[in-house]
Amino acid sequence: MQPTILTGKTSPVQPIPSASLSENVAFNLLHTVPYFLRGIFTKNHFWSRFFDALHTDRLVVRFCQRLRAKHGSDFIYLYLLQNKALCVFDYDGIKHVLDNSPYIYADPDLKHRGMSHFQPNALTISRGEEWKDRRRFNEAVLNSDRTVHEYGDAFLEIIRTEVRALLEDKVDGLGWEDFDRLFKRVTLQVIFGASARSETELTDRLERMMRESNRVFLLKKSKDFDAFYRRIRAHLAAPEPGSLSALCPHAPSSPLTRQENQVPHWMFATMETLATNTLRALAAIVAHPKVEERVRRQLAGKPFTSGAEVASLKYLRGCLQEAMRLWPTTPMLARLMLADDQLGGQPVPANTQVIILNTFLHRDSEKHYFADRFSPELWLESEENYHFNHLSNGQQVCAGKNLALFIGTAVLVELLRGSRYRLRRPALRPAKPLPHTFNEFRIKLGRIPLY
Ligand code: HEM
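(A) Quick peek at the coordination of the iron atom of the ligand. Protein coordination of the iron atom of the ligand rests on one atom only, Cys398 (SG), at 2.3 Å. Locating cysteine 398 in the fold gives a position in the loop between helix H17 (378-381) and helix H18 (401-417).

Okay, here's the thing in structure tokens:
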């Protein structure tokens, strides 16, 4: 899918320009400071609300558009605090970076340091042969190349049971706490099996470690680390049939793989990240009557008892992707160059940091006429577009992309089938450009059961 390009400013022959001092100060105040304080690895409620209220993300979009116009380039050097970084706005440039990750464009130091606190040796902070080995293992367990996981029917049954239990309990309305609990239960069962359903000790320990890692600097070994991994090892040693753990012994693995260190990423991505995106998608659907009508037409009269039926709902999957595009839970992708390379026709030396700013690129109204609208139909033709990297693209594309889209869609199906909802707050108005942030902790949905 190639979106409509309204303007293009790439001038590959000119040297890559650098932002001025005042531009760097503005960029760091609008982007870098909120990025750190909101929480890199897990969200901080207070700072998220604070910066949402200041509309810093909207200001970032305007700032980047002006920066691009002033310098006449889609590649600009600027400083992320004290680190020089190359900001890439250009489609081909982004594609080149992501297609050559992690071999040339690898994990930067800060991400490595923060993530190692709770998941050392995780795929996303691996390089070279280790990355290849761990990617093979992750892809095998997560069934990355399949729209329906081999255990998709079993996962659907877990989701149906949990959503029904939630709706029996919450007759009047839904909010973040409900989604948080729902997705934790689903996560624990999908990864470890039914017996882990209420093992909140595991999710609590991971959340505490992630909160600590938000600090990035001066991290000591967490008090939760050993106990957390003891439980993960126990689950992997006695896997329950039908869970992701049950596939681990059969997936390609070597001493490099470090299976236990791959599991926390599956956990946090399925609980916090997917819960956030699914809640926002539901809120956006019910705030857009035409979208809701189209979704409901596709749901009408079908039982949705098989994974294949859920995966056939491309428009609803598109709703989920649109929520991710509009409000990307990964505001930027950062890379460190391991070798000299060329970007935009210019040489760029090894050790340069490269950033792909999703917050700006997804809402670049000078390039995409639909930037600020909820447009699920965008994703019908193709589920991949290098302009939009909420699930990343290229070699290091989210290994759980299909699984995440499947679980999120299944939750939406089950929630929508038996009920209607009204978005009580925060308001979303389809006739107006959508806000640049949509704080999931504030979302409240009124519920009207249909039968
Ligand atoms: C809405 C949910 C999700 C979103 C928005 C998301 C987003 C992302 C993004 C942006 C990356 C690339 C990060 C980077 O390169 O800096 C990524 C990588 C990854 N994701 Fe997801 N993800 C989601 C759900 C999942 C799920 C459910 C799983 C597994 C169960 C998963 C497993 C992974 C893994 C293993 C990687 C590392 C890939 C690699 O480095 O080769 N993700 N994800």
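(B) Examining the packing of aromatic side chains more closely. This structure, assessed with the given rule, holds 22 aromatic pairs. When the ring of tyrosine 369 is compared with that of phenylalanine 370, the centres are 5.2 Å apart and the planes differ by 85°; the resulting orientation is edge-to-face. In this structure an aromatic cluster arises from ring pairing among Phe46, Trp47, Phe50 and Phe51. Its guanidinium or amino end placed over the ring of tyrosine 386, lysine 95 lies 4.9 Å from that ring's centre, counting from NZ or CZ.

(C) Spatial organisation of the packing of helix H1 (residues 21-38) against helix H2 (residues 45-54). The interhelical angle for the contact between H1 and H2, taken along N-to-C directions, is 150°, at an axis separation of 8 Å. With respect to each other, H1 and H2 are oriented roughly antiparallel. The residues of H2 that touch H1, namely those facing Val33, Pro34, Leu37 and Arg38, are Trp47, Ser48, Phe51 and Asp52. Among the residues making up the contact of H1 with H2, the classes are represented as five nonpolar, one polar and two charged.

(D) Spotlight on helix H7 (residues 152-169). Here H7 is 18 residues long and its end C-alpha atoms lie 26 Å apart, about the 26 Å a rise of 1.5 Å per residue gives. What H7 keeps buried is the set Gly152, Phe155, Leu156, Ile158, Ile159, Arg160, Glu162, Val163, Leu166 and Leu167.

(E) Summary view of the site of the ligand. Trp131, Arg135, Arg335, Gln396 and Cys398 are the nearest of the 29 residues found near the ligand. Arginine 335 has a polar side-chain atom sitting 2.8 Å from an oxygen atom of the ligand. Going through the elements one at a time, helix H6 (128-142), helix H12 (259-287) and strand S5 (332-337) are the ones with two or more residues in the shell around the ligand. Considering each element in turn, the shell around the ligand owes the most residues, seven residues, to H12. Here the shell around the ligand is built from residues that sort into 13 nonpolar, 13 polar and three charged.

(F) Focus on the environment of isoleucine 16. Its place among the elements puts isoleucine 16 in the segment before H1. Using a relative accessible area of 15% as the deciding quantity, one classes isoleucine 16 as buried. In sequence terms isoleucine 16 and histidine 71 are 55 residues apart; their C-alpha atoms lie 9.1 Å from each other. In this structure isoleucine 16 touches Phe75, Ile76, Tyr77, Leu86, Leu343, Gln346 and Val348, once residues within four positions along its chain are discounted.

(G) Here's a closer look at the side chain of asparagine 389. Among the secondary structure elements, asparagine 389 is positioned in the loop between H17 and H18. At a separation of 2.9 Å, a polar atom in the side chain of asparagine 389 contacts the main-chain carbonyl oxygen of tyrosine 386. Those residues in contact with asparagine 389 that sit more than four places away from it in its chain are Ile94, Leu98, Leu333, Ile356, Asn358 and His362.

(H) Quick look at the sheet that holds strand S8 (residues 353-357). Overall, mixed pairing links the five strands, which are arranged S1-S2-S8-S5-S3 in an open sheet. Both edges of this open sheet fall to strand S1 (75-80) and strand S3 (105-106), since each of them pairs with a single strand only. In terms of strand pairing, S1 meets strand S2 (residues 83-88) through six bridges, oriented antiparallel. Counted as the bridge partner of phenylalanine 75 is valine 88 from S2. Those strands touched by helix H4 (residues 91-99) are S1, S2, S3, S5 and S8, and its axis lies near 120° from that of S8.

(I) Geometry of helix H15 (residues 314-326). The end-to-end C-alpha distance of H15 is 18 Å, a good match for the 18 Å that 13 residues give at a rise of 1.5 Å each. The buried count for H15 comes to 12 of 13 residues, which makes it a mostly enclosed element. Every buried residue of H15 is accounted for by Tyr315, Leu316, Arg317, Gly318, Cys319, Leu320, Gln321, Glu322, Ala323, Met324, Arg325 and Leu326. Buried-residue contacts for H15 involve H12, helix H13 (289-299), helix H14 (307-311), H17 and H18.

(J) Here's a closer look at unusual backbone geometry. Put simply, serine 101 and proline 102 share a cis peptide bond, and its omega is -5°. Here proline 102 shows up in the loop between H4 and S3. Phi angles above zero are rare outside glycine, and asparagine 121 is one such case at about 70°. Within the secondary structure, asparagine 121 sits in the loop between helix H5 (109-116) and H6. Residue classification places asparagine 121 among the partly exposed residues on the basis of a relative accessible area of 23%.

(K) The arrangement of a nonpolar patch on the surface in detail. Together, Leu21, Val25 and Leu29 line one region of the surface with nonpolar side chains, adding up to about 320 Å² of accessible area. As for its placement among the helices and strands, leucine 29 is situated in helix H1. Overall, leucine 29 belongs to the exposed group, its relative accessible area being 53%.

Analysis parameters
- Residues numbered from 1 in each chain as written.
- Predicted model: local features only at pLDDT ≥ 70, side-chain atom pairs only at ≥ 80, totals over all residues.
- Heavy atoms only, no water.
- Donors = N, O, S within 2.8 Å, 3.2 Å for Na, K, Ca; no water.
- Helix = DSSP H or I, 4+ residues; strand = E, 2+ residues; numbered from the N terminus.
- Phe/Tyr/Trp six-rings, centres within 6.5 Å; stacked < 30°, edge-to-face > 60°.
- Lys NZ or Arg CZ within 6 Å of the ring centre and 35° of its normal.
- Axes fitted to C-alpha atoms, helices over the stretch in contact; angles between N-to-C directions.
- Parallel < 35°, antiparallel > 145°, perpendicular 65-115°, else oblique.
- Contact = heavy atoms within 4.5 Å.
- Nonpolar A, V, L, I, M, F, W, Y, C, P; charged D, E, K, R; others polar.
- Expected span 1.5 Å × (residues − 1).
- Buried < 20%, exposed > 50% of the residue type's maximum accessible area, 1.4 Å probe, protein only.
- Near = heavy atom within 4 Å.
- Polar contact = N/O pair within 3.5 Å; in protein donor to acceptor, adjacent residues only side chain to side chain.
- Pairing = 2+ DSSP bridges.
- Patch = residues over 30% accessible without salt bridge, like charges linked within 9 Å, V, L, I, M, F, W, Y side chains within 5 Å.
- Areas by Shrake-Rupley, 256 points an atom, 1.4 Å probe, with all protein chains shown as cover.
- Salt bridge = Lys/Arg side-chain N within 4 Å of Asp/Glu carboxyl O.

Treat this as a map of the structure, not an account of what it does.
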